[in-house]
Each structure stands twice: as structure tokens, then as C-alpha cells.
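Survey of secondary and tertiary structure
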Amino acid sequence: MGSSQILSFITSPQGNVIYHILLAYFVASSLYFAFFLWRASDFPQARRTMIGLGILLGVNLLMFLVSGLGWQQIFNLNVWLPPLDRAFVLIGLIWVIWLWAFPEPSAAADSAAALLSLVVASCIGFALMDKAALDADSFNATMQDGLWQVASVGFTLIGALILLIRRPSAWGSGLVFMALAFAGHMLYLWSDRIAGDFPNAVRWAYLAAYPILLTLPQRFPAPTSQPMSVRQETSVPERRRYSTDPKTFHALLDLAAETNTTKVSQSVTRAIAQTMLADLCFLIYLTDNKNQLQIVSGYDLIREEALEGGSLNKTAVPMLAGAIQRGRPLRLPASGTSADIKGLGDVLGLGNPGNLICVPMLTKEKESIGGIMLLSPYSNRLWSAEDQAFLANIAASLVSIVQRGQQVTALQQKEQAAQSTLDEMRVQLLQAKSENEKLTRQLDEAAKIPPSAITESAPDRSAEIAAANARLMELEQEINTLRAAKKPRGTNEVNQLEKEIRITLEDVARLQNQLAAANMKILELEKGSKLERSNEQAEVVTSISQELRQPMSSIVGYTDLLLGESVGILGALQRKFVERIKASTERIGSLIDDLIQMTTLESGLADLKPELVDINSVIDNAMSYTSSQLREKNITMRLDLPRTLAPIHADREALAQILIHLLQNAGAATPNEGNVTLKVQTRKEDAQDYVLIQVTDTGGGIPSDDLPRVFTRLYRAENVLIQGVGDTGVGLSIAKTLTEAQRGRIWVESEPNVGSTFSVLLPIVQAGER
């Protein structure tokens, strides 16, 4: 048999059987070594390797069975063998790439490999329906064969690119596999493909590549309690796996004597690190909702120093989080493609965290409360099953200590929260007492001054008026009597009576004027007393508000510092909580501003100073003030302004406050991705020029029953919330008060399920300016 016959033997019916049994043998041998690696190490990578090799073995055994049946002509399968051979080569190539490039669990890679395999399997059905290719004298010369080869070449290039990018352990061997497969397919495409049904060069290339699969289980070293070889170097003593050092005894004594819950965790990690001779030891707790991992403390045995704790995001360490939550042990070798190893390196600031072992801490009810994690970044120690069992016994003995520490910590936190609440209530009580005493003194002082004196003089005036009225009635009665008696009187007597009536009427008018003046004086004094009390209350509220601003500024500053991650990296959940704290603090600041403005509004209306105001600049300032609120909800702001807009006589600050409150209300009422429109126009009513400002939102409208109380002050404290209104309850009331103080009008129009339009009508020239 010549060399050409030997090379072509692999494509004969007998050669098909031998080819597939050889491939199955290489895969089965690799699977055998992977199984022993998994038994020795319990690595997830070994279990994953077994799954991939099992799929490859099944594919090649199926092709071996079909080839054997075709060779023996038990079924007429020889016509189907060529397309099946190409398809199974492509499926095998997909799973080889999966094995080499993704040794650690990856949902995306698993889904992609399964989906591509299903796509190739569906293509087999179309290939078997191609009668022209199946009936051809040589399947190698058909277009279908060319398409299968091009697809295989493409997958080899994709596999090589993925290996170069990810660079997993022993990626060079995988790159050699891809290079051999690529060379075989390209050599076959460049050769004469006229004769035959099977690709000769491709089969020899895969016979050379498949033995490389034997190196797959050796990518991660297996821990052994005994040396791999009988020959040992006498100069290198065997490394101690557990400590008998006096430091270990002292660490255990410190743990037993520790009563401070904060230092118990530090003593635990130190004692375990000393006992296990671990480079790094960490104590991990599960949070109450079981969705977050918290590193309570750690210990560096090499540097002999305690390590600070921190939070672990589940997405950064998915396998570690899953193992602790399910209460299962976990061992991971050092790997450049492991998400858990990378995540721990980022959190702990380690370039190479080394090999990992973690055992859960289980209660009597088999519920996981956390875990103990050991790393070997300095010694690169590989953890064995014996280490795992030893560490599991330690973890079981520490459960009661950890539970007691957690309970004490929870009680301390509750005590601190209760004490903080009590302190706040005491401060509020003292402030309320002080405020009450001040108001009582003010009322007492107001009750002692002029209104009482004027009130005492009022009854005297009333008595004089009553006497004058009685005298007047007597005179009128006397006149009527004389008329009834028809007794003639002299001219002097009549004149005397008329004079007395006139004098009496003058006295009545004089006394009535004095009484009206006294009543006006009383009202003015009472109004002044109320205004004085209102001003003092406003000063108290303003003072308290200013005191609140300092701690709020500190809170905002610290939240900005945390969000900037200048003091440490935040997890997604932590960032969300900090952003909520910042938003709530800014909301409190806005409410304090509204409170100050509402308190000082009545006393400040008299200080309004109309001036010539450019309404365009006021609009720009109001939009700048409210732009951040609109950007947070991605609201589109639309402007409808005339080309030229004459200045108006108004108070600049009051006009700006009106616009700001209307825009804030529209922004709060409008949902995300909504629209807010600001429209300005001029109109003429009763020979008076006005400017009309309208703010329209898309908040769904206000029910007609609620429209009358939209501008009512403090309606939220007395009634339920109004649908379609996003105001805090004081902003619209402030806008109404400021508008009416400038002789303007404000109203709202609403369209159900669409939105509302708030309109403000202000005179361009005030009455006093004409």
C-alpha cells in the first residue's frame, strides 16, 4: 500500500469508522482525566470541562455508529454520511471553542454554543433535502461542501480571535488546535476536490488536533496530599498545611476572651488565618435580604495586620455569592478569565488573588448566614479537599459565636436608633417649649397696650351717643305732642326747639365720628399686633431654617464625595441609595425655601417694588433654576415667545418666583419623556395692555371637582392629594398671592387625560405708573 493509498484510506468506508473511533478515543481519554481532576479538586472548571467533553464524545460516537452501519450496509446511510460528516465537524468545532475559551461559567457563552449547535442541526435537514448534492458523483465538488468548509474556516478564525482576546489558562494549546483545523480546511479548499465524498486533508488535521484535548484537564493544577513522584528533592521540605505555632494558640485565646462585638470578627479571621496558614482570610456575612455580601473583616497573615471590610456585589462574584447563598463549599483556582477572581481582585486591590476556597457557615436549620474565604496571593497555595473539610469544621464551631455577635450588633443598632430618635424628640420638645413661651409673652404684652385703653373709652362714647339720641327722641315727642294738641306757640319758642334739635343732631354726629375713629384705631392696633407676632414667628422660622441648612450642606457634600468614588468604589445598590439620600436632601432644602417664603410672604408684600423688567431675562433665570428637575425626567421644554416683547412694570423677584413655581409644578406633574410648554403673549382688555404667561404640562389633567382648591394654601395638609398637580402644596399658593399683589390674575384650565394649563395675566403698566 503506497503513501497515497494510506492518505486516502481515511476517507474510505472502513477509514470512516477508524477515524471516528480515534476521535472518540482522544475525547474519552480527556474526559477520564477531567473526571479525576473534578474528584480531586471539585473545581467548577473541571465539571464544566466534563460537560463539554461529554458532548464531543456523544457526537463522535454517533458518527462512529452511523459510519459502521453504512460500512456494513445495514441501512443505506452512505448517501447521508457526507453532509452529516461536515455538520458534526462544525458542531465539534463549536464545542471545542467553548471548552478552550470559556472555562468558567458564562451564561452568554453557554447560550451561544447551544444556539449555534441548534442552527447547525437545523441546517442538516436542509442539506439532506438537497438532492443535487446527494446524487452527485463526488460530494466534494458540490457547492454544499464548499459552504460547509467556509463555515468551518470562519469558526476557526472566530475561535482563535476569542482565545487571543480572553487569554484563558493554557490558551496557547487551544490556539494550536485552531491553527491545525484552519490549515486542514484551507489545504482542502486549495486542493483538487473533484473526487471523493470526504475531505482527506481535514480529517488528517483533526487527527493531529484532537490529541491536544488531553491537555484540557491539566490547565488547572489538582491538589494532592501526596507527592506526584516518588523522587523528591531533599533540599525542599514539605510545607506545613496547618499551624502549630504559639501565635495560633494566642489567637484562639484572644478570640475566646473577646467581648467587643466589633473585634470578634477580627479575632475570628486572625485565628483562622493562623490555623490554616492562609495568606488572607475573610469573614463574609449575608445581609438580611440575602441579596448582598458583606466582608466584615479580614486578616493578612504575611503582613500580620487586620484588613478592613467592605461590600461585595453579587454580579462581581456570581459563583461565590451563589455558593454562600446555597450553603455549598467552593474552590476556585487562580484564573485570568474567572469573574469571581477578577471581582475579588478589584474589590481587595489585588492583581492576582490566587487560589480561593470558601466554606459556608450553616445554622442548625441548615440556613447560611455567611462564609469563610481563604486566598493565597503570595504562596499560591492550592486548596485540597482535606483543607475544605478542616475549614468546614472550623466554620461549624464558629456559627454560635457569629450569631451571638450579629444579635448583639443588631441590638446595639436598635439602641442607637432609639437613642437618636429620643434625642431628636427632646430637641424638638425644647424648641416647642421655647417657642410657646415666647409666643405667650408676646400675647401678654400685646394684651396690655393701647387696645385695652381704647376699648375702655369706647363704652363712654356709646353712652354719650345713647343720651343724645334719648334727648332727641324727647324733643321729637314734645313736638308731636304740641302738634296733636294744636296749641299755638310763639315764634321764639319754635325757634328755641329747632335750635335744641340742631344742637342735639350735631352732638350725635360728632359722637358717632369719634366712635368710628376709636374703632379704626382698635383695628389698626390689633392688626399691628398680629403683624408683629407674624414677623417674630417668621424670624423664628427663618432662624431655624438657617440652622438646618448647615447639616444639610454637609450631607450633600458627603454624598457628592461618595458618588465621586474618591473614598472607595460603590456598588450599584449603594450608588442608588446614596443618590436617593442626595435627592431627598435637596427636596428638604426646597421645602425649607417654600416654608421661609410662605412665612415671610404676608409681611413682604408691602415691600414689592415695581420696576421696568425684561421678561426674557426673567424667563432665562427661571428655566436655568428648573432645568435640572426637567433633565432628570428627560422632559422636553418648548418655548413659544413673540419676536419682540416689551418690558413690563413688575417686581422682578416676584415675577421670577411665579415662573419658577409654575415650571416646578409642571415638571413634577409631567411623567418621564413628557413635554412642558411655556407660552408668552400680549393682549388688550378694557384699554389696558397685559402680558399673558401660560405653562402647559402633560400630567394627565386635573379633575374638575379639584380645580377650585388648586390654589388653596396648605390644601395638602387638609385634603387628599390632587391628581395632575405636582406642586408641594405651597408653590401654587405663593404664585397666586404674588400675582394678585401685582394686580394680576391666575387661573388653571385642564383637559382630562391630557394635561393642564396655568395662566398668569399681569398688566404691562401698573396703575400707579400711568
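A brief report on the enclosed structure follows. (Residues numbered from 1 in each chain as written. Predicted model: local features only at pLDDT ≥ 70, side-chain atom pairs only at ≥ 80, totals over all residues. Heavy atoms only, no water.)

Some details on the packing of helix α2 (residues 13–41) against helix α3 (residues 44–71)
A pair of packed helices can be characterised by two numbers: the angle between their axes and the separation between those axes. We apply this condition: For helices, the fitted axis covers only the stretch in contact; all axes are lines through C-alpha atoms, and the angles between them, taken along N-to-C directions, range from 0 to 180 degrees. Helix and strand assignments come from DSSP, with helices taken as H or I runs of at least 4 residues and strands as E runs of at least 2, each series counted from the N terminus. Angles below 35 degrees are treated as roughly parallel, those above 145 as roughly antiparallel, those between 65 and 115 as roughly perpendicular, and all remaining angles as oblique. Left-handed describes a crossing whose near helix is turned anticlockwise from the far helix by less than a right angle; the clockwise case is right-handed. All residues other than Ala, Val, Leu, Ile, Met, Phe, Trp, Tyr, Cys, Pro, Asp, Glu, Lys and Arg, Gly among them, are scored as polar; the first ten of these are nonpolar and the last four charged.
It is the contact of α2 with α3, at a shortest axis distance of 8 Å, that shows an interaxial angle of 160°. If you check the angle between α2 and α3, you find them roughly antiparallel. For the crossing formed where α2 meets α3, the hand is left-handed. Residues belonging to the contact of α2 with α3 are distributed by class as follows: 21 nonpolar, nine polar and one charged.

Thoughts on the side chain of Ser-376
The condition is simple: Note on contacts: a residue pair is in contact if any heavy atoms of the two residues lie within 4.5 Å.
Secondary-structure assignment places Ser-376 in the loop between β7 (368–375) and α14 (385–448). Beyond its immediate chain neighbours, meaning those up to four positions away, Ser-376 contacts Asp-279, Pro-353, Gly-354, Asn-355, Arg-381 and Trp-383.

Some thoughts on the environment of Ile-55
Locating Ile-55 in the fold gives a position in helix α3. Sequence-wise, Ile-55 and Ile-91 are 36 residues apart; in three dimensions their C-alpha atoms are separated by 9.7 Å.

Here we look at empty space enclosed by the protein
To keep it simple, the criterion reads: Here a cavity means grid points, on a 1 Å grid over the protein atoms only, where a 1.4 Å probe fits yet cannot get out; a pocket means an open set of points with protein on both sides within 12 Å along at least five of seven lines; lining residues are those with an atom within 4 Å of a point. Grid points are joined across faces, edges and corners, and a volume is the space filled by probe spheres set on the points.
The full count for this structure, using the stated rule, is three cavities of 30 Å³ or more. When its volume is computed, the largest cavity comes out at roughly 100 Å³. Looking at the largest cavity, the residues that line it are Tyr-19, His-20, Leu-23, Leu-56, Val-59, Asn-60, Met-63, Phe-88, Val-89, Gly-92, Tyr-206 and Tyr-210. Listing elements by their share of the lining of the largest cavity, those giving two or more residues are α2, α3 and α4 (81–101). Considering each element in turn, the lining of the largest cavity owes the most residues, four residues, to α3. In terms of residue class, the lining of the largest cavity is built from nine nonpolar, three polar and no charged. In this structure, the second largest cavity occupies an estimated 40 Å³ of space. Along its surface, the second largest cavity is lined by Asp-85, Arg-86, Val-89, Trp-148, Gln-149, Ser-152, His-185, Pro-199 and Val-202.

Examining the sheet that holds strand β13 (residues 745–751)
Our working definition: One requirement defines pairing of two strands: DSSP has to find at least two bridges between them.
One open sheet holds the five strands; their spatial order is β9-β11-β12-β14-β13, and the pairing between them is mixed. One side of each edge strand has no neighbouring strand; the edge strands of this open sheet are β9 (636–640) and β13. This sheet shows a mean twist of 20° between the axes of neighbouring strands, independent of strand direction. Relative to strand β14 (residues 755–763), strand β12 (residues 688–696) is paired through seven bridges, and the arrangement is antiparallel. Counted as the bridge partner of Val-695 is Phe-758 from β14. Along the sheet face, helix α21 (residues 731–741) touches β13 and β14 and points at about 135° away from the line of β13.

Interpretation in functional terms is not warranted from these geometric data alone.
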